[in-house]
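Structural overview for review
Here are the chains, one letter per residue:
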Amino acid sequence: MKKNVKYFGKTAISGLLALSLVLSNGVVSYGEKVKKQETVFVNAGADGSVTSTTVSDWLEHSGSQGGNVEDFSHLTEIKNVKGDETFDQAGQDVTWNAGDKDIYYQGTTDKELPVGLKISYKLDGEDIAPQDLLGKSGQLEIHVEYINKSKQTKVVEGEKTTIYTPFVMVTGMIMDQDVYSDVKVDNGKVINEGSNCIVVGYGLPGLAESLQIEDFSEDMADKLTSDFTIEAHVENCELGNTYTYGSSALFNEMDLDDVEELDEIEDKIDDLKEAGEELVDGADTLSDGAGTFAEKMGEFEDAVKTYKKDGVQKYVKGVNSLTGAGPELKKGIKAYTSGVNSYVDGVNSYVKGADQIAQGNTALYEATKGLPSQLKTFDEGLTTYTGGVDKLAAKENVTALKSGAKNLSDGVTSMNEALTELEASYASNEKIIAALEPLEATSEDVKVAIESLKKVTAGQKAAITKLKEETAKDSQLKQGATALSEGVSTVMDSLSTLSKNSSSLTEASGQLKKSMPELVTNIKKLKEGGETLTANNSKLTKGGKTLKKSSKKINKTMKTLAKGMKKLTSGGKALNKATTKLVQGAGKIADASQELGQGTEKFAEGIDEFNKKGIVKLTDKYEDDIKPLISRLRATLDAGKEYKNFSGISKNMDGEVKFIIETEAVEND
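First, a word on scope: everything that follows refers to the structure included in this document.

Rules used in this analysis
Residues numbered from 1 in each chain as written. Predicted model: local features only at pLDDT ≥ 70, side-chain atom pairs only at ≥ 80, totals over all residues. Heavy atoms only, no water. Helix = DSSP H or I, 4+ residues; strand = E, 2+ residues; numbered from the N terminus. Buried < 20%, exposed > 50% of the residue type's maximum accessible area, 1.4 Å probe, protein only. Contact = heavy atoms within 4.5 Å. Areas by Shrake-Rupley, 256 points an atom, 1.4 Å probe, with all protein chains shown as cover. Pairing = 2+ DSSP bridges. Axes fitted to C-alpha atoms, helices over the stretch in contact; angles between N-to-C directions. Salt bridge = Lys/Arg side-chain N within 4 Å of Asp/Glu carboxyl O. Core = buried A, V, L, I, M, F, W, Y, C linked by side-chain atoms within 4.5 Å. Phe/Tyr/Trp six-rings, centres within 6.5 Å; stacked < 30°, edge-to-face > 60°.

The number of helices and strands found in the protein is 13 helices and 19 strands. The proportion of buried residues among the 669 residues of the protein is 40%. Put simply, of all contacts in the protein between residues at least 6 apart along the chain, 78% involve residues at least 24 apart. For the protein, the accessible area works out to roughly 36900 Å², and carbon and sulfur atoms hold 52% of it.

Structure (structure tokens):
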């Protein structure tokens, strides 16, 4: 039985050594720099107290130096354990004559270990010394506590912090299942192997303190323990050897400086913090905007109601008034059309009479323009003239000439009176135009007809006014006609006198000669007045035709207008109905905007609370806990890399150290 236990002990320690080599030397380096691989073998009592310490050193790559290798060591009783290479020692400076060989040497020391263990025992709940357990039975507890004494002060996040060298400690022991049953371990593993079970426990002494992990997570602190406990039922107790492996090199491959994700996490945390602040600002802006929207929608609702009351309803009322006046308008247009027709007929009659007057005036002028020369002939041939005068003074000729001259003068007066009556007819035209003017905007045809009527009326009025002036009592035409009548009467009286008293003919001829130029001038003026009278006849005729044509368009437009008024009435009703719906919709929108405002206000409050309790708490957690934890972890890893040896090392060497602690057994001889 004892041989088997010892065999398993050797097997376990060999496995631990192999594990250390795998973990620390996963890749063999063939560089020229010497690396000091150091294994510290510790013999301890069953309670973990040190009894002796032996150190084995391997100067890896020392053979590649091609000569001497400078070393530094606190060890005593140094000896080459794998070769015959010699060394020279001066105090703690050791020079090896390595040649082309790696140096393997061993020595002893009484230097205090940087890390160790303490083992305590309880049987049935009572503390007991390991020597007293031999042969006892009961419920056994074995408590293994690792003690880390290697620490240093580092500045982390601007503060001085105690950082322990991050040793990983693993302890294994073999338990005979004839002695131990129902074996349990709280921080390790139990491996059953035939008649024995192997118990492996581990610890990370000082790591929780270096990381201050309890401030971050209690669950994590429980996992980074520095001890473990084995429980088992024991019969006739014996304690075997325990084997403990410890090293800080296991963390050397973990380099947080090369982990970009940590920096990315910090960037994302900053982004998250900024996004949270922007989200709160955006929610506040949304809440303010929703409040403004609700306020404006209230104003919109009031405006829509005002629009319906002061706009649409008045518009519909106006449309109804307009369509109600349609029959009167139609009646007025019909009367206007009839008046236009009568007016055009009167214009045509006037033009015809004016042409006749002008023609008579021209004929009279042609007949009288030769009188001066005839009077000259009369003077030269008095005798012949006297005979002619006697003939001219015949009763029928005198009566006809006087009557014609008087009729001409009376005709001018009658024309003037007719023009006065015609002028009075424009008052009705102006009333019609005034009645049509409000309809200008309804149709382009109506607008054109009204403009045409205005132009024709204005042109005709101007022409008639001119004619009236030309035929007035003080006009040249009237004065000429009166003078002509009086002259003809005078001449005829003179001729009568001449015919009665030939002796007075010469004197009468002189008088006639004197008055003849004035007579001819007056006749010429009468002719010119007639020409002026007919000058606007074509315009009057054309204007009459245009006016008549426009009245037909007005009649046609009136029919279109009637249809439009009907549609306008229908549209007014539809507009009023739609506006009512708009008012109702505006009211609903205003109510909804109020609810939206209240909802966005609650949303803003929720976002603010989410930011404070979520994002801010998370970023604070990162700033207060995670970020400092990462910084302390970096410092801890650096401390692990800095711990290169136990017994001493040259400044030109790299180093790595591991500890193997074997406790003594308590068993029957």
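That shown, we press on.
As a further point, take the environment of S414. Residue position: S414 is located in helix α8 (residues 395–424). Sequence-wise, S414 and T471 are 57 residues apart; in three dimensions their C-alpha atoms are separated by 9.1 Å.

Read from one edge of the open sheet, nine strands run β4-β7-β2-β1-β19-β18-β13-β16-β15, paired in mixed fashion. The strands lining the two open edges of the sheet, one partner per strand, are β4 (76–80) and β15 (188–193). This sheet shows a mean twist of 15° between the axes of neighbouring strands, independent of strand direction. Sheet analysis places β15 next to strand β16 (residues 196–203), joined by six bridges and oriented antiparallel. If you follow K189 over to β16, its bridge partner there is V200.

The next subject is the pattern of salt bridges. This structure, assessed with the given rule, holds five salt bridges. Measuring nitrogen to oxygen at the nearest pair gives 3.5 Å for the salt bridge that ties E656 to K35. Highlighted residues: E656 in strand β19 (residues 654–663) and K35 in strand β1 (residues 35–44), separated in sequence by 621 residues. For E112, the salt bridge goes to K149, with nearest N and O atoms at 2.4 Å. One end of the pair, E112, is in the loop between β7 (103–108) and β8 (115–123); the other, K149, is in the loop between β10 (138–148) and β11 (151–156), and 37 residues separate them in sequence. Overall, the relative accessible area of 55% leaves E112 in the exposed class.

Counting buried positions along strand β18 (residues 242–247) gives six out of six residues, so the element sits mostly inside the fold. Covered by surrounding structure in β18 are T242, T244 and G246 together with Y243, Y245 and S247, the residues of both alternating faces. Where strand β13 (residues 168–176) and β18 come together, six bridges link them in antiparallel fashion. Counted as the bridge partner of T171 is T244 from β18. Here β18 pairs with β19 via five bridges, running antiparallel. When the bridges of β19 are listed, Y243 appears paired with E662.

This part is about unusual backbone geometry. The backbone phi angle of D124 is positive, close to 55°, even though this residue is not glycine. Examined against the element boundaries, D124 turns out to sit in the loop between β8 and β9 (126–128). Within the chain, Q212 stands out as a residue other than glycine whose phi angle is a positive 50°. Looking at the secondary structure, you find Q212 in the loop between α2 (207–211) and α3 (218–223). By relative accessible area, which is 32% here, Q212 ends up partly exposed.

Let us now look at the side chain of N241. Within the secondary structure, N241 is located in the loop between β17 (227–234) and β18. Apart from residues lying up to four places away in sequence, N241 is in contact with G172, M173, I174, E662, T663, E664 and A665.

With that settled, the discussion passes to the sheet that holds β17. Taking strand neighbours across the sheet as the criterion, the five strands line up as β9-β8-β10-β17-β14 in an open arrangement whose pairing is antiparallel. In this open sheet, the two strands that pair with only one neighbour each are β9 and β14 (180–185). When the angles between neighbouring strand axes are averaged without regard to direction, this sheet yields 25°. Pairing analysis gives eight bridges linking β10 to β17, with the strands arranged antiparallel. Residue pairing for β17: H143 is matched across the bridge by T229.

Sheet faces and side chains relate simply in a regular strand, where the side chains alternate between the two faces. Burial runs high along β1: seven of the 10 residues are buried. Strand direction decides the pairing type here: β1 and β19, joined by 10 bridges, are parallel. Across the sheet, residue K36 finds its bridge partner in β19, namely G655. Across 10 bridges, the pairing between β1 and strand β2 (residues 50–60) is antiparallel. The residue bridging T39 from the neighbouring strand is S56, located in β2. Hairpin connection, β1 to β2: the antiparallel pair is bridged by five residues, and G48 has positive phi, about 95°.

Counting residues in each nonpolar core, the largest one holds 50 residues, and the members touching the most others are I142, M175, Y180, I230 and F659. Once residues lying within four places of it in the same chain are set aside, the contact partners of M175 are I142, Y180, V183, S195, N196, C197, V199 and I230. If you look at the next biggest cluster of nonpolar residues, it comprises 12 residues, including V168, V170, L224 and F251.

A word on the packing of aromatic side chains. Across all of its chains, the model carries seven aromatic pairs by this definition. The interplanar angle of 75° and the centroid separation of 5.4 Å between the aromatic rings of F167 and Y643 together place this pair among those described as edge-to-face. With F167 in the loop between β12 (159–164) and β13 and Y643 in the loop between α13 (537–642) and β19, this pair connects stretches of sequence that are 476 residues apart. Taking the centre distance of 5.9 Å and the plane angle of 80° together, the rings of F167 and F659 count as edge-to-face. Of this pair, F167 sits in the loop between β12 and β13 while F659 is found in strand β19, placing the two residues 492 residues apart along the sequence.

This brings us to the environment of S650. Among the secondary structure elements, S650 is positioned in the loop between α13 and β19. Separated by 616 residues in sequence, S650 and V34 place their C-alpha atoms 9.6 Å apart. Setting aside anything within four residues of it in sequence, one finds S650 in contact with E70, D71 and F72.

Considering the arrangement of structural elements, one finds G587 in helix α13. Through-space distance from the C-alpha of G587 to that of K305 is 9.7 Å; in sequence the pair is 282 residues apart.

Worth remembering: the numbers are spatial, not functional.
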